[in-house]
Amino acid sequence: MRILVVTGSPHKHGTSACLADNFVKGATEAGHEVYRFDAAFKNVHPCTACNTCYTKGDGCVFKDDMEELNPKLFEAEAVVFVSPIYYYNVNAQIKAVIDRFYANDAKLHGNRKTALLTTMEDETMESAEGADLCFKNAAKFLDWQVVGIVNAMNAQTLEDLQKTDYPQKAYELGKRI
């Protein structure tokens with residue numbers, strides 16, 4: 001299976017990167033082909049709702065790193081999002097990528113699996129509810145099958161996360177996707 005992993009954290013060795021690394025390791029060991037797009041280190045312009053993608057049919061007016069991502073997105077059989085939760089939702093880098101799906105909406109519906117991995121400092125799932133709901137609603141709209149969500153609580157630092165079973169859960173999700 002071809003899997004696209006989209007990460008949002010600007011911390012190359014942080015908590016979200018740890019979950020992404022473990023997911024990729026599990027998926028690779030299971031024989032899947034994985035492409036990782038680290039959105040925080042890419043140039044992805046936010047959607048401005050200009051509607052040029054629909055009125056002219058030429059795709060998005062912004063010629064940025066989404067042009068690198070789009071071919072991988074179109075061929076992916078699974079799309080996995082990995083984000084820190086700073087304030088009750090996925091971070092801006094992930095959201096910018098998802099909003100840009102609009103330009104290729106018709107190509108993205110159906111026939112994909114999807115998963116969400118998040119990390120947060122908080123001790124309750126309240127902080128992840130916004131991210132989870134946004135993710136589930138987008139998956140429902142796109143007719144993608146949700147195969148897993150891992151919300152890592154109490155994960156302010158990498159050391160905090162490594163004391164939990166969340167990296168293992170990310171690895172296992174990668175193995176079974």
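Above this text sits the structure in question.
Report on the accompanying structure.

About the thresholds
- Residues numbered from 1 in each chain as written.
- Predicted model: local features only at pLDDT ≥ 70, side-chain atom pairs only at ≥ 80, totals over all residues.
- Heavy atoms only, no water.
- Buried < 20%, exposed > 50% of the residue type's maximum accessible area, 1.4 Å probe, protein only.
- Helix = DSSP H or I, 4+ residues; strand = E, 2+ residues; numbered from the N terminus.
- Arc of directions from axis to C-beta.
- Contact = heavy atoms within 4.5 Å.
- Polar contact = N/O pair within 3.5 Å; in protein donor to acceptor, adjacent residues only side chain to side chain.
- Patch = residues over 30% accessible without salt bridge, like charges linked within 9 Å, V, L, I, M, F, W, Y side chains within 5 Å.
- Areas by Shrake-Rupley, 256 points an atom, 1.4 Å probe, with all protein chains shown as cover.
- Salt bridge = Lys/Arg side-chain N within 4 Å of Asp/Glu carboxyl O.

## Focus: helix 8 (residues 166-176)
Working step 1: Of the residues making up helix 8, those classed as buried are Tyr166, Pro167, Ala170, Tyr171, Leu173 and Gly174. Relative to the axis of helix 8, the buried residues are bounded by an arc of 160 degrees and lie together on one face.
Working step 2: Lining the buried residues of helix 8 we find helix 1 (15-29), strand 4 (113-119), strand 5 (145-152) and helix 7 (158-162).

## What to know about unusual backbone geometry
Working step 1: Phi is positive for alanine 49, which is not a glycine, with a value near 55 degrees.
Working step 2: Position of alanine 49 relative to the elements: it lies in the loop between strand 2 (33-38) and helix 2 (52-55).
Working step 3: At asparagine 51, a residue that is not glycine, the phi angle is positive and equals roughly 70 degrees.

## Regarding the side chain of threonine 15
Working step 1: Examined against the element boundaries, threonine 15 turns out to sit in helix 1.
Working step 2: Its relative accessible area of 11% is what places threonine 15 among the buried residues.
Working step 3: A polar contact is formed between the side chain of threonine 15 and the side chain of threonine 119, at a distance of 2.9 Å.

## Digging into a nonpolar patch on the surface
Working step 1: Taken together, the side chains of Tyr86, Tyr87 and Tyr88 present a nonpolar region at the surface, about 420 Å² in accessible area.
Working step 2: Here tyrosine 86 is to be found in the loop between strand 3 (78-84) and helix 4 (92-99).

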